[in-house]
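# Per-entry structural report
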Amino acid sequence: MGAVNTDDVTPRTETVETGTGTARITWLDAPAPRLVLALGHGAGGGIEARDLKALGAALPAHGVSVALVEQPWRVAGKKLAPAPKTLDTGWRGLWPALAAAGPPVVAGGRSAGARVACRTAAELGARAVLALSFPLHPPGRPEKTRADELLGCGVDALVVQGGNDPFGKPAEFPPGDYRITEVPYGDHGFSVPKKSGLTEERAMEILTASVAGWLADLK
């Protein structure tokens with residue numbers, strides 16, 4: 001498991017048995033939480049992703065407990081993510097542990113984790129969905145759109161997308177009942193080129209400020 005860097009919050013871990021194996025939650029607790037933000041990782045990495053770490057460090061001070069979720073395949077040390085149906089099953093299986101914290105739960109994740117959150121939000125009773133680097137289509141294949149997953153999530157949603165994400169640039173997203181924030185020059189992992197003049201630190205500030213503001217508006 002990748003280290004999670006926080007200044008004021010001590011992480012705690014919880015293992016949860018699901019129908020697809022053992023999942024793990026790293027909790028970053030707010031002192032008096034009004035929301036829980038559950039964040040799943042992508043198919044090619046874990047909770048050490050820069051955007052997940054940045055949100056885990058920033059949001060507890062805003063009254064939001066962050067739950068960084070590792071799917072069973074990742075906990076088991078496998079290198080390849082299973083099929084979407086299996087990911088959804090794992091997410092459903094760990095949801096009661098997220099809900100048991102008490103506050104309303106916002107379902108979220110990056111890339112494949114964002115798709116899982118969108119597909120299951122309504123049935124699980126999620127308060128809203130945060131989709132980081134939503135993979136609107138495979139690179140170079142805009143006709144293979146996954147827009148229906150986002151548009152059909154059935155709850156309030158925020159998409160945070162890199163301006164140069166090969167899986168879908170912000171301008172490619174269809175109109176719908178959701179918000180979208182662009183991280184300028186960012187790729188699928190929100191990395192920004194040095195020549196852009198935008199630092200990684202500033203990119204993460206844009207991302208965390210956007211998410212914190214959106215969460216503050218949720219009633």
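You'll find the structure just up there.
Here is what the cut-offs are and how they apply
- Residues numbered from 1 in each chain as written.
- Predicted model: local features only at pLDDT ≥ 70, side-chain atom pairs only at ≥ 80, totals over all residues.
- Heavy atoms only, no water.
- Phe/Tyr/Trp six-rings, centres within 6.5 Å; stacked < 30°, edge-to-face > 60°.
- Helix = DSSP H or I, 4+ residues; strand = E, 2+ residues; numbered from the N terminus.
- Buried < 20%, exposed > 50% of the residue type's maximum accessible area, 1.4 Å probe, protein only.
- Salt bridge = Lys/Arg side-chain N within 4 Å of Asp/Glu carboxyl O.
- Axes fitted to C-alpha atoms, helices over the stretch in contact; angles between N-to-C directions.
- Parallel < 35°, antiparallel > 145°, perpendicular 65-115°, else oblique.
- Left-handed = near helix turned anticlockwise from the far one by under 90°.
- Contact = heavy atoms within 4.5 Å.
- Nonpolar A, V, L, I, M, F, W, Y, C, P; charged D, E, K, R; others polar.

Tallied over the full model, the rule gives two aromatic pairs. Here the aromatic rings of Trp91 and Trp95 are separated by 6.3 Å at their centres, their planes lie at 50°, and the arrangement is tilted. One end of the pair is Trp91 and the other is Trp95, both in helix H3 (residues 84–99) and four residues apart, which spans about a single turn. Neither Trp91 nor Trp95 differs from the other in exposure class; each is buried.

A separate point is the pattern of salt bridges. Enumeration over the complete set of coordinates arrives at 13 salt bridges. Between Arg12 and Asp29 there is a salt bridge; the shortest N-O distance is 2.6 Å. Of this pair, Arg12 sits in strand E1 (residues 12–18) while Asp29 is found in the loop between strand E2 (21–28) and strand E3 (35–40), placing the two residues 17 residues apart along the sequence. Overall, Asp29 belongs to the partly exposed group, its relative accessible area being 27%.

Turning our eyes to something else, we now look at the packing of helix H1 (residues 50–58) against helix H6 (residues 200–217). One way to put it is that H1 packs onto H6 with a least axis distance of 10 Å and a crossing angle of 60°. On the basis of the axis angle, H1 is oblique to H6. In the packing of H1 onto H6, the handedness of the crossing is right-handed. Across from Arg50, Asp51, Ala54, Leu55 and Ala58 in H1, the residues of H6 making contact are Glu200, Met204, Leu207, Thr208 and Val211.

Another aspect to go through is the packing of H3 against helix H4 (residues 112–124). Between H3 and H4, whose axes approach to 10 Å, the crossing angle comes to 45°. One element, H3, and the other, H4, form an angle in the oblique class. In terms of crossing hand, the pair formed by H3 and H4 is right-handed. For the pair H3 and H4, the contacting residues are Pro84, Leu87, Asp88, Trp91, Arg92 and Trp95 in the first and Val116, Arg119, Thr120, Glu123 and Leu124 in the second. Here the contact of H3 with H4 is composed, by residue class, of six nonpolar, one polar and four charged.

Worth remembering: the numbers are spatial, not functional.
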